[in-house]
Amino acid sequence: MAATLIILALAIAAFMSNRVPLGVVALGVSLALWATGVLSLGEVTAGFGDPTVIFIASLFVVSEALESTGVTTWVSTQVISRAGEKRSTLILVVGILGAIATALISVNGAVAALVPVVVVVAIRAKLAPSQMLIPLAFAAHAGSLLALTGTPVNIIVSEQAAGAGARPFGFFEFALVGIPLLVGTLLILVFFGRFLLPTRPFRTPMGDLRAHAETLREQYDLDGGSRLIGAKKGISEVVVAPRSELIGTYAYPGMVTGSGSLVILAIQRGGENITEEHTVLMAGDTLLLTGTWSDLTHEVATPGMLVVDEPDMLRRGVPLGIGAKRAMFTLLAMIILLATGIVPPAIAGLAAAMTLVVTGVVTPPRAYRSISWTTIVLIGGMIPLSTAVVQTGTADLLATGLLGIVGDGSPHLALLAICALTMVLGQLISNTATVLIVAPIALVVAGDLGVSVLPFMMALTVAGAAAFLTPVATPANTMVLEPGGYRFGDYWKLGLPLLLFFLAVAVFYVPVIWPF
């Protein structure tokens, strides 16, 4: 127990310092738990085979398919066209979208699918993604209480209540508390997010391709009759590199490249067009090439050419490009599997990822590259700490001590102690593990006080969803870490008022709907 507490404290200090890579901290935690004999080798490495980790990894592949085929661009265009570019309106639209998706496919699935959409929406609205990605994750947490399928925690507390002699919660009964929580969360995000979230520099991806195409037409003085960028064909600017084998070769506008797959639309030297029939290429010459997206991606990777804009990045800006229908159908099938519970989430995610690769929507190398390995290592490395906290009795020690202070006080005071304990543990270990630890204690407390277990179980769900203070509190928080350019200490500033709001709802509102 002492070793676990020390490792936990050191991990928190390392996370907050921002000086040690998150993956190194997570792996260090696992190694320390093994070296001190707290966990066996199998228990230390079990996190990387955990179904949650596998599910999240597969969702990155699904997200890559949606982004690379232009589905996310299309969705972001629809959002912008309806919501405009005003920050408050976009926060509301993104928050509601994330909450509804969460109710259907869980927090992790919704956030993984919507992160690329929100990044594109933010950039097109001239906002830093760091202003919108934490709101997406936090709104998704609130949305997890809209239906029974929103999070495994809902199922756990429903089963615990039924096992204690009460009744299980209905599928949409959670919405009685979920809707007020979502409304309050969105208001806090809209009015306080601007001041409590950082505005971090970001790399601007290709936004409006039509504007980009028009810029190239003007720069290269091209005929306006032909379409430069479409679902099947695109363009790419390349610069002849120093010591390139292309130096000294002949080229001219309209010429087909040696492979026969690309056409040279224009050549410039020093910013001026070259129209001669036989131009000897020199280092620094710029060529504008056109062809199919796959040919462009393959050809511009040839040594000796410096690519201005990667074709693969340009292609992502084409709404509903090649493979979009297959990607959307696969996503729909995965959502149906998740919503119905026919198969475990990890199986649904793996099946979706495999389908996307087999049908050619995503190539195997791109599937591997799409996975955020920092996220995977972080979650897989921290799961053993959750196991250690439970197995060594550390969680029981903390719970017993806190409840010993409360004694035989009022139900509201006992509920406050239960929720406070859940929220503290929920910032350090998974909310699922936290609820599994605290639920039996809450049932005992309710029995000792002679009151209904329903308010305790529902309040436990609300407190478990209030994992706002750290990026390691939930996988959803971790998923937005890299895309938003966040640091460990960015979460608590906006997370603290939200946590206090959730605490107030759990202690004062829940007993009104589910009386003691």
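Quick look at the structure, then. (Residues numbered from 1 in each chain as written. Predicted model: local features only at pLDDT ≥ 70, side-chain atom pairs only at ≥ 80, totals over all residues. Heavy atoms only, no water.)

This part takes up the overall build of the protein. Along the protein, the regular secondary structure elements total 24 helices and 7 strands. Overall size of the protein, expressed as C-alpha extent along the three principal axes, is 95 × 50 × 45 Å. Within the protein, the proportion of its 516 residues that are buried is 53%. Here the protein displays about 22000 Å² of accessible surface, and carbon together with sulfur accounts for 67% of that area. Of the side-chain charges in the protein, 25 are positive and 28 negative, and the distance between the mean point of each set is 5 Å. (Helix = DSSP H or I, 4+ residues; strand = E, 2+ residues; numbered from the N terminus. Buried < 20%, exposed > 50% of the residue type's maximum accessible area, 1.4 Å probe, protein only. Areas by Shrake-Rupley, 256 points an atom, 1.4 Å probe, with all protein chains shown as cover. Lys, Arg positive; Asp, Glu negative; His and termini not counted. Charge placed at Lys NZ, Arg CZ, Asp CG, Glu CD.)

What follows covers helix α14 (residues 324-340). An ideal rise of 1.5 Å per residue puts 24 Å on 17 residues; α14 measures up with 24 Å between its terminal C-alpha atoms. Turning to α14, its buried residues are A324, A327, T330, L331, M334 and L338. Looking straight down α14, one finds its buried side chains confined to an arc of 130°; they lie on one side. With respect to the buried face of α14, the exposed residues turned more than 90 degrees away are K325 and F329. Backbone geometry just downstream of α14 places G341 in the positive-phi region, at approximately 70°. (Expected span 1.5 Å × (residues − 1). Arc of directions from axis to C-beta.)

Spatial ordering of the open sheet is given by β4-β3-β6-β1-β7, a layout of 5 strands whose pairing is antiparallel. Whereas interior strands pair on both sides, the edge strands pair on one side only; in this sheet they are β4 (272-273) and β7 (305-307). Alignment of strand β3 (residues 263-269) against β4, held across 2 bridges, turns out to be antiparallel. Considered in β4, the bridge of R269 is made with E272. In the packing of helix α11 (residues 209-220) onto the sheet, the strands contacted are β1 (233-240), β3, β4 and β6 (286-292), and the crossing angle to β1 comes to about 50°. (Pairing = 2+ DSSP bridges. Contact = heavy atoms within 4.5 Å. Axes fitted to C-alpha atoms, helices over the stretch in contact; angles between N-to-C directions.)

Opposite charge on two side chains permits pairing when their charged atoms draw close. Scanning all chains against the criterion turns up 5 salt bridges. Close ionic contact of R217 with E214 constitutes a salt bridge, the shortest N to O distance being 3.6 Å. Residue R217 and its partner E214 are located together in helix α11, separated by 3 residues, close to a single helical turn. The exposure class of R217 is buried, given its relative accessible area of 11%. Note on E214: relative accessible area 44%, which makes it partly exposed. One salt bridge in this structure joins D285 and R269, with 2.8 Å as the shortest N-O distance. (Salt bridge = Lys/Arg side-chain N within 4 Å of Asp/Glu carboxyl O.)

The next subject is the environment of P201. Take P201: it is sitting in the loop between α10 (175-196) and α11. As a C-alpha pair, P201 and A128 span 73 residues in sequence and 7.1 Å in three-dimensional space.

Attention now goes to the packing of helix α9 (residues 152-163) against helix α21 (residues 454-465). Look at α9 against α21: their axes get within 9 Å of each other, and the N-to-C directions meet at 170°. In terms of orientation, α9 lies roughly antiparallel with respect to α21. Two packed elements cross with a definite hand, and for α9 against α21 that hand is right-handed. Along the contact surface, α9 presents V153, N154, V157, Q160 and A161, while α21 presents L454, M457, L460 and T461. When grouped by side-chain class, the residues that make up the contact of α9 with α21 number 6 nonpolar, 3 polar and no charged. (Parallel < 35°, antiparallel > 145°, perpendicular 65-115°, else oblique. Left-handed = near helix turned anticlockwise from the far one by under 90°. Nonpolar A, V, L, I, M, F, W, Y, C, P; charged D, E, K, R; others polar.)

Moving on, we come to the pairing of β1. Within β1, 6 of the 8 residues are buried, which leaves the element mostly enclosed by the surrounding structure. Of the strand pairs in this sheet, β1 and β6 are connected by 7 bridges, and their pairing is antiparallel. Each bridged residue has a counterpart across the sheet, and for K233 the counterpart in β6 is T292. One ladder, built from 3 bridges, connects β1 with β7; its direction is antiparallel. If you follow V240 over to β7, its bridge partner there is M305.

The next point concerns a nonpolar patch on the surface. The grouping of I179, V183, L187, F191 and F192 at the surface amounts to a nonpolar patch, some 500 Å² of accessible area in total. Mapped onto the elements of the fold, F191 is located in helix α10. (Patch = residues over 30% accessible without salt bridge, like charges linked within 9 Å, V, L, I, M, F, W, Y side chains within 5 Å.)

So, about the packing of aromatic side chains. Enumeration according to the criterion identifies 7 aromatic pairs in this entry. Ring geometry for F501 and F502: centres 6.0 Å apart, planes at 80°, overall edge-to-face. Residue classification places F501 among the partly exposed positions, given a relative accessible area of 22%. Ring-pair connections join several aromatic residues into one group, and the members of that group are F138, F468, F501 and F502. (Phe/Tyr/Trp six-rings, centres within 6.5 Å; stacked < 30°, edge-to-face > 60°.)

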